[in-house]
Amino acid sequence: MNDLRTRLNDLNVRKQDIESKNESEIRCGKMVKKEVEKWLENVAKMNAEINNIEQKLRVVSCFSRARLGKLVQKQIELLKELHQNGCFPDGVAVDRPPAKGVALLTLDLEGETDVKSQIWKLLIDEDDEIGMIGVCGMGGVGKTTIMKHINNQLLKEDRFDKVIWVTVSKEMSVFKVQEDIANCLKHYLPKGELERATTLNHILEGTSYVLILDDVWEQFSLSNIGIPDPKSGKGRKLVLTSRSIELCRSMGCMVVQVQPLSKEESMNLFINHVELKHSVVENPELKEIVNSIVEKCGGLPLAVVTIAGSMKGVYDIREWRNARNELCQQVKSVKQWDNEVFECLMFSYNRLRDAEIQHCFLYCSLYPEDYPIERMVLIEKWIEEGFINGNTRQAMYDRGHSILNKLENNCLLERVLHVGFKISVKMHDVIRDMALSIECGPRFYVKAGLRLKELPDEHEWTTGNFGKVSLMHNTISEIPSHISPKCHNLSTLLLQQWHSGLGTALLSGFTTIPGTFFKHMNGLKVLDLSYTNILNLPDSISNLGNLNSLVLRGCYKLRYLPSLAELKALKKLDLYQTAISEIPPQMEMLEKLTYLGLKSEGLKELPTGTLPIFSRLQYLATMLQLKGEEVGNLSKLEFLSCLFHDMQEFRKYNSMMGTKWPQNYICAVGSSLPTHASLFGMDDMFEKPEEYNSVHFVNCDLTNADFAMLPINLDCFYIEKCDGLKCLNDNNSFFHEAKSCFIWECQGIECVIDLSSSPCNPFKNIEKLVLGELCNLLELVRVGPTVKPPCPVVFSCLKEVILWKCSRMKKLFSVEILQGLENLEELSIRDCLEMESIVDNGGTRRHSNITSPVLPKLRELSLESLPRLETICGNGVMISTDFLRRISITGCPELERMPLLFPRLENGQPSIPPFLERIYVQPREWWESIEWDDPNAMHVDLSTIISYESYY
């Protein structure tokens, strides 16, 4: 029994490892294999069976024990087999099939089944004359929710090639609609207005699709956008959601009207969201109260869900009675539906109870309609406003996330994924309208995201006693020279302009701010002028003695700032990506600074002694060279990006910090900036240190470096021009937790890992390896005769390898190393003039025979300008194509064979790999002469996915 229990414990340890891998793969959007799920079920059964045996052994006779002994022995053999079957060398998950659209987050759909069925019938009806459908109804009635459900259902059908969702909003922008449609189709559009429409029209005409335009407020021309006439057939459907029946009819839509929910449907929806089903059934008084609350919602799902969210977790009947009384007082006898839904939403707002959270919620309405707001950006704004306070910035960030979670849980904000899969939030347009109607505290004036070219009339926004003015995300061309707004109560002015996010200045926009502009804004606390074209700030900025936050990020042309001596309340100064050549006059007077962003091409370092003055700094983002000792003395610093001139300065900082580094950090060490960092987006990393843990070494002597004190949470390291470095497994244990490694122009490196000199493997967690311009690199891993087979697994987590201009390297992988690359997804080799083979078969050992395809997870293979490349693999070694998506091979004239193993159909014939999207090859004559290691591959028709001209 001891042996049985030991083997069962080993099995359960492997089960835990497999479950951890499953969770990781699922987070990456992958799907657990059926065989893995089946194995986990068998493990659960085995645990139950052995538990049963143990119970029987406690009570049975000696004779029965003998029989059970045989059963125990049998179970031990089954345990061995089950343990062995849990290896899964090809991984535990597979990629999901390529999607035809984006599955949207939805709420449960209560009622509306008839409307949904009606819309669905119109979409799948073979009668292509009904090409346009208008889904109409009042705000909050559930139009968007119904269409989200239909969107997700369409993704499961085969009738249409694409399902495209675009949110239009009240202030429609043709440019934005075009861009959103093109992004959904993975295409780029030209800049010219006519060319954009023509190009988009051509793209859409080549496919069948359902295009859903949500929240349309005004009539528009399909041809101006580039949308083909849906009535022309060919499997094209256009759906609009709108509050206006007249609008939909005027555009030629078949109108489907969404009605409010019935009393029963409203009650079901409320109970499901408030999670009180049994309590309502059992308590007649509570049921009567809930009935009256639901009745006030008027059958509008948005009101029902929002109020239910605010009452979730309430069980005290007295609190329910109080809530009913509050709601009855809130919702009077109002005839207009919009007013009634506003009052219902106001009830949910009031139930937040916490003034801090209410202020945070209302602040979101300063952003443009349907605008995705990055969570961290929003939290920073709340900190600037003073809504969130705390002893540390991390504590304030945590509080911000807690508030956002509460607002999401109360259905007042919606979680969305923005560009780059950044987690963001946005307001439903009805909730935003409600928020803007609330008059408690400072009044808001909002003209955000309207692409205004002129500043609104001065009288319009200065006579309303506004506390916060938002003119963000416009393209205002100038601020009139005579303007001097009388805004004595103004605390927040948001003038940040629309920007592309590409790190470039606007082509147009105001360049100057009149000296009189800030004359009557003495109460101003927050000023955001980011991403404007201003050349300087007027001297009158110096009079804003109450200013807490001055944000000038992305003002790429800003060269001059006046004295900041009088801004003694200033806590945040953001001068990142400006053009200043010296720090602002008397900046050292800003002793209350907790946040400093500072980067300019014309500014290289801070004057000695400046940094220690800012002893309260919690957040420092800069690409200036700093003194190690000065940075080390910033005891409150939690988020850091900076440069150290040399190893000596870095050692000073490292010795002062020990293992107590900032929460997040990006440090570059060396006399110059990383030359190639921009190729991989590393310049952007310094802008937001709160997202990374990374160290860069440039022109440094690392031969005797002692990094034992570096933090264990290092994610990425970058090494450039460190010529004394021979390999990376010599006293560099600090790499152990890193996931990304970039090595450039290090002349001393002959191999990345040398197992013959040291068994230490610093790359056990590496997922991305980039090697560039290593002129003496001969091999990736040096094994040597002293290493006994089998060769240790070195890169078990590696997913991406990029090799560029390594001129002496002839072979990339040995067969032994190749077998450990079961997670490799991307392989790119370029301009390696001596490269002869990707896999070195000449060094194959007796113990390294390969019987199955290698690189089982490979998704992208790119080979470019390898004039001596003769083989990819040889000796029968084949590459799996189960997940291969893209192949690019150019400038490889000596390559004669392709070792790709194509999948087989049920009849045994080869077929195109299921995920393969594109093959780009040059020249065509070379490709047509290629021989295949898979003898049947030549019979597969690849003509539909081969390109000889361009690759994307």
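Because the structure is a prediction, the values reported are computed rather than measured. (Residues numbered from 1 in each chain as written. Predicted model: local features only at pLDDT ≥ 70, side-chain atom pairs only at ≥ 80, totals over all residues. Heavy atoms only, no water.)

## What about the environment of Phe 697?
Then comes step 1: Here Phe 697 lies in strand β21 (residues 693-698).
Then comes step 2: Separated by 20 residues in the primary sequence, Phe 697 and Phe 717 place their C-alpha atoms 7.9 Å from one another. (Helix = DSSP H or I, 4+ residues; strand = E, 2+ residues; numbered from the N terminus.)

## A look at the sheet that holds strand β3 (residues 132-136)
Then comes step 1: In spatial order, the strands read β4-β5-β6-β3-β7; together these 5 strands make up an open sheet with parallel pairing. What marks the edges here is a single partner per strand, and that holds for β4 (162-169) and β7 (254-257). If you compare each strand with its neighbour and ignore which way they point, the axes differ by 20° on average.
Then comes step 2: In this structure, β4 lies alongside strand β5 (residues 209-216), joined through 7 bridges in parallel fashion. Each residue of the ladder has a partner; that of Ser 169, found in β5, is Val 216. (Pairing = 2+ DSSP bridges. Axes fitted to C-alpha atoms, helices over the stretch in contact; angles between N-to-C directions.)

## A closer look at the packing of aromatic side chains
Think of a pair of aromatic rings as described by two things: how far the centres are apart, and how the planes are tilted against each other in angle.
Then comes step 1: Per the counting criterion, the structure on display carries 23 aromatic pairs.
Then comes step 2: Here the aromatic rings of Trp 927 and Trp 932 are separated by 5.8 Å at their centres, their planes lie at 85°, and the arrangement is edge-to-face.
Then comes step 3: The buried category is assigned to Trp 927, whose relative accessible area is 9%.
Then comes step 4: Its relative accessible area of 11% is what places Trp 932 among the buried residues.
Then comes step 5: An aromatic cluster is defined as three or more aromatic residues linked by ring pairs; in this entry it consists of Phe 644, Phe 650, Tyr 653, Trp 661, Tyr 665 and Phe 697.
Then comes step 6: Its guanidinium or amino end placed over the ring of Tyr 595, Lys 572 lies 4.2 Å from that ring's centre, counting from NZ or CZ. (Phe/Tyr/Trp six-rings, centres within 6.5 Å; stacked < 30°, edge-to-face > 60°. Buried < 20%, exposed > 50% of the residue type's maximum accessible area, 1.4 Å probe, protein only. Lys NZ or Arg CZ within 6 Å of the ring centre and 35° of its normal.)

## A look at the pairing of strand β20 (residues 664-669)
Then comes step 1: Of all 6 residues making up β20, 6 are buried, and the element is well covered by its neighbours.
Then comes step 2: Of the two faces of β20, the one holding Asn 664, Ile 666 and Ala 668 and the one holding Tyr 665, Cys 667 and Val 669 are both buried throughout.
Then comes step 3: Where strand β19 (residues 639-644) lies against β20, 6 bridges are found, and the strand directions are parallel. By the bridge assignment for β20, Ser 641 is matched with Ile 666.
Then comes step 4: What joins β19 to β20 is helix α22 (residues 647-657), and the crossover it makes is right-handed.
Then comes step 5: Inspection of the sheet shows β20 paired to β21 by 5 bridges, in the parallel sense. Within β21, the residue paired with Ile 666 across the bridge is Ser 694. (Right-handed = clockwise from strand over helix to strand, strands pointing away.)

## What to know about the pairing of strand β29 (residues 826-830)
Then comes step 1: Side chains Leu 827 and Ile 829 of β29 all project onto a buried face; the interleaved residues Glu 826, Ser 828 and Arg 830 project onto a face where none is buried.
Then comes step 2: Both strand β27 (residues 800-804) and β29 contribute to a ladder of 5 bridges, which runs parallel. Bridge assignment links Val 801 to a residue of β29, and that residue is Leu 827.

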